[in-house]
Structures are given as structure tokens and as C-alpha cells.
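# Coordinates in review
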Amino acid sequence: MSHQPIEIHARVTLPQLHAWYRAARRLVMTTAYDAVTARIADAAGVDMILVGDSVGNVCLGFENTLPVSMAMMNHHLEAVARTRPTAFLMADMPYLSFHLGVEDTVRNAGGFLQRGAQAIKLEGGAKRLPVIHALIDAEIPVMGHLGLTPQSVNPMGGFKVQGKQKADALRLLEDAQKLQEAGCFGLLLEGIPADLAAKVTETVEIPTIGIGAGPHCSGQVLVFHDVLGLLSGTSPKFVRRYAEGFETLRTAMAVWAEDVRGGGFPDERESYTLPEAVRPALTQWHP
Ligand code: KIV
């Protein structure tokens, strides 16, 4: 009897991510919001999957991430977690899930871990330190998120590159230090000048994951749908499309629609056949 070797895919863990970081291996992260996107991302071998609150604008039709609730996040996280990805799985704390007190924050984030996430991410600098301390105390690994924090769209006056002014750049550098001291295992840097992101990366001892933050971060993240060109219209400057998914899929769907209208679909390849012995019964039957 021959035995096939069993391929065991060890799940990426926090110590593994830090070992890769120390070995200067660049970390790759993307978002996933359901079982299909999670399976594609995981099969592509990304290191980290984020169930981002960007689900709001990418999948749910909202203008921004502010309407995304814990219930929505839990629903999407559960779908992703059911695929048991090899990649490190993180979930994003949505707006108002960490603003109403430490206890509420820990309960929300702990719920993410109970649903299969290995860590959480939350937006904001020094003012988030009390909740970050409480989360880490509750054994919940935290990734910070600095720079263009989409939940601050109103005070920012839009989705604008942050840290261009001296005071803002210096505050961001201070915030990065404080979040590291508080115990964050990594920092997501979004929408900041590349040289500022480089300085953060150089001055902290935890991985930085950039999006619109230039090439000098310890790793990069892009939204799944942006990488694959699945959204119609033009992409923002920081996105590079690796497929024209929208056009490719639209064309395939239009060809199928044509086939249905023209009678070309389905044919015998997509049809089931009645057993020979049953056919006479059909012919003989009259209403
Ligand atoms: O929700 C999200 O998709 C994010 C991005 C910055 C990756 O936080």
C-alpha cells in the first residue's frame, strides 16, 4: 500500500510574521471579505489576510467605512474564517467599535478572535493608547493604523495624503513610537509620503505595512479588488492593477448572456439524460 505524503500547511502565526520581519522578508497582505476572495488570496500565498472595514465601500455600496457595524464585520469575518486560510487572519475594528469604552472594545475585539481572527487592527494614534493597552492585556494582538485613517474622513475633510506638514509628520513619528511601546505588533501606514513612511520603518522595531506609503515599508497591503481591477472606473494613484478583472468578467458574463439568448447554452454538455429504460414512459404519457 502506497502512502501519499500529507501536505500540511502550517498556519502563519505572529511569531512567524516577526521572524520574517527580522529576516527582512517583505510581508504581503491583502483584504478578503468572503470565502471566494479568501480562497483566492490564500491560494496565491499572501502572508496576511485582513477582513477590512473597506468591505463597506468595496462590497456593500457605502460611500465610506463609517456605516460598517460589528454585525457586518462578524458576518464577513466568519465567511473568511470558515475557509481556514493558511495566511495570518486579521479583522478591522469598525467605527464606534472601540470608541465607547475599554470594556466594549475588548468584547468586540475578543469576539473577532472567537470567530477565528488572530489579531485586530484599529485606526488612530496616541489617543487610542488606553484601549490598545486593554486589548493587549486581554491577549488580543493589535496592529495600529496611522496616516490616512478612513474613519477620520470628516475631520480630515476627505481622503487626503497625511503627514505633509512638519507638525503632522512629527506627530505621526511620535504616535508610531507610542503604539510600539504600548505593544502593537505592527503598524499599517496609509496615505503618507514615502520618506515619512521610511523614517517610521527605520525608527520602529515592528513591521510597517504600507498602502500609499511608498516602497520602504516592511510590507505592503492592497485591497483585493484593487489588485485585480474588479472595480469599475480608474484606480487611485497608489494602486497597481495586476488584472483587468471588471472587464474580463463583464465580457465573460456578456458572452454567456448572448449564448442564452441565442439558444447556445445549455447544450448536451450541461444537461442530464433520462435513462434509456424510462424514455418510453415519457413518450406514452398524455395529459
Ligand atoms: O479596511 C481596509 O481595507 C484597510 C486598508 C488600509 C487595507 O484598512
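These lines cover the structure that appears in this document, whether it is placed above or below. On a predicted model such as this, the values are computed, not experimentally measured, just so you know.

### A closer look at helix α4 (residues 70–81)
The end-to-end C-alpha distance of α4, which contains 12 residues, comes to 16 Å, matching closely the 16 Å that a straight helix rising 1.5 Å per residue would cover. Among all positions of α4, only Met 70, Met 73, Asn 74, His 76, Leu 77, Ala 79, Val 80 and Ala 81 are buried.

### Section: the packing of helix α8 (residues 166–182) against helix α9 (residues 194–203)
Here α8 crosses α9 at 25 degrees, and the two axes come no closer than 10 Å. Relative to α9, α8 is oriented roughly parallel. The crossing of α8 and α9 is right-handed. Along the contact surface, α8 presents Ala 169, Leu 172, Leu 173, Ala 176 and Gln 177, while α9 presents Leu 196, Lys 199, Val 200 and Thr 203. Split by residue class, the contact of α8 with α9 holds 6 nonpolar, 2 polar and 1 charged.

### Looking at the side chain of His 225
Mapping His 225 onto the fold places it in helix α10 (residues 224–227). With sequence-adjacent residues up to four places away left out, His 225 is seen in contact with Tyr 33, Thr 37, Val 58, Cys 59, Leu 230 and Leu 231.

### Brief notes about the nonpolar core
Ile 49, Phe 112, Ile 120, Leu 122, Leu 187, Leu 189 and Val 200 are the most contacted members of the largest nonpolar core, which has 51 residues in total. Sorting elements by how many residues they give to this core places α8 first, with 6 residues. In this view, Leu 122 contacts Met 93, Phe 98, Arg 128, Val 131, Ile 132, Leu 135, Val 142, Met 143, Gly 144 and His 145; residues no more than four positions away in its chain are not counted. Counting residues in hydrophobic clusters, the runner-up holds 18 residues, among them Val 12, Ala 119, Ile 209 and Val 221.

### Comments concerning the site of the ligand
Taken together, 13 residues are adjacent to the ligand, and Asp 53, Ser 54, Asp 92, Lys 121 and Glu 190 come closest. A distance of 2.5 Å separates an oxygen atom of the ligand from a polar side-chain atom of Ser 54. Within the side chain of Lys 121, an N or O atom sits 3.0 Å from an oxygen atom of the ligand. Considering the ligand on its own, with 260 Å² of exposed area, one finds that the protein chains cover 96% of that surface. Each residue belonging to the shell around the ligand can be placed in one class, and the counts come to 5 nonpolar, 4 polar and 4 charged.

### Thoughts on the environment of Val 278
The residue Val 278 is located in the loop between α11 (245–262) and α12 (279–284) in this model. Relative accessible area serves as the criterion here: at 38%, Val 278 is assigned to the partly exposed category.

### So, the pattern of salt bridges
One pass over the structure, following the stated rule, counts 11 salt bridges. Arg 261 serves as the salt-bridge partner of Glu 258, at 4.0 Å between the closest nitrogen and oxygen. Of the two residues, Glu 258 and Arg 261 are both situated in helix α11; the distance of 3 residues between them amounts to about one turn of the helix. Of the two residues examined, Glu 258 and Arg 261, each falls in the exposed class. Ionic contacts of the salt-bridge type, sharing partners, join the residues Glu 78, Arg 82 and Arg 115 into one network.

### Comments concerning the sheet that holds strand β6 (residues 186–190)
The 8 strands are arranged β1-β2-β3-β4-β5-β6-β7-β8 in a closed barrel whose pairing can be described as parallel. Across the sheet, the axes of successive neighbouring strands diverge by a mean angle of 25 degrees, strand direction being ignored. Pairing of strand β1 (residues 27–31) with strand β8 (residues 219–222), which is carried by 4 bridges, proceeds in the parallel orientation. Bridge pairing in β8 links Val 28 to Gln 220. Along the sheet face, α8 touches β5 (142–147) and β6 and points at about 175 degrees away from the line of β5.

### Side note on the pairing of β6
Judged by how many residues are buried, β6 sits mostly within the fold: 5 of 5 residues are covered. Side-chain alternation along β6 places Gly 186, Leu 188 and Glu 190 on one buried face and Leu 187 and Leu 189 on a second face that is also buried. Pairing analysis gives 5 bridges linking β5 to β6, with the strands arranged parallel. Looking across to β6, one finds that Gly 147 is bridged to Glu 190. With 4 bridges joining them, β6 and strand β7 (residues 208–211) adopt parallel strand pairing.

### Comments concerning the pairing of β1
Summarising burial for β1: 4 of the 5 residues are buried, a large majority. Relative to strand β2 (residues 48–51), β1 runs parallel, the two sharing 3 bridges. Opposite Met 29, over in β2, you have Met 48 as the bridge partner.

So, how was this worked out
Residues numbered from 1 in each chain as written. Predicted model: local features only at pLDDT ≥ 70, side-chain atom pairs only at ≥ 80, totals over all residues. Heavy atoms only, no water. Helix = DSSP H or I, 4+ residues; strand = E, 2+ residues; numbered from the N terminus. Expected span 1.5 Å × (residues − 1). Buried < 20%, exposed > 50% of the residue type's maximum accessible area, 1.4 Å probe, protein only. Axes fitted to C-alpha atoms, helices over the stretch in contact; angles between N-to-C directions. Parallel < 35°, antiparallel > 145°, perpendicular 65-115°, else oblique. Left-handed = near helix turned anticlockwise from the far one by under 90°. Contact = heavy atoms within 4.5 Å. Nonpolar A, V, L, I, M, F, W, Y, C, P; charged D, E, K, R; others polar. Core = buried A, V, L, I, M, F, W, Y, C linked by side-chain atoms within 4.5 Å. Near = heavy atom within 4 Å. Polar contact = N/O pair within 3.5 Å; in protein donor to acceptor, adjacent residues only side chain to side chain. Areas by Shrake-Rupley, 256 points an atom, 1.4 Å probe, with all protein chains shown as cover. Salt bridge = Lys/Arg side-chain N within 4 Å of Asp/Glu carboxyl O. Pairing = 2+ DSSP bridges.

Treat this as a map of the structure, not an account of what it does.
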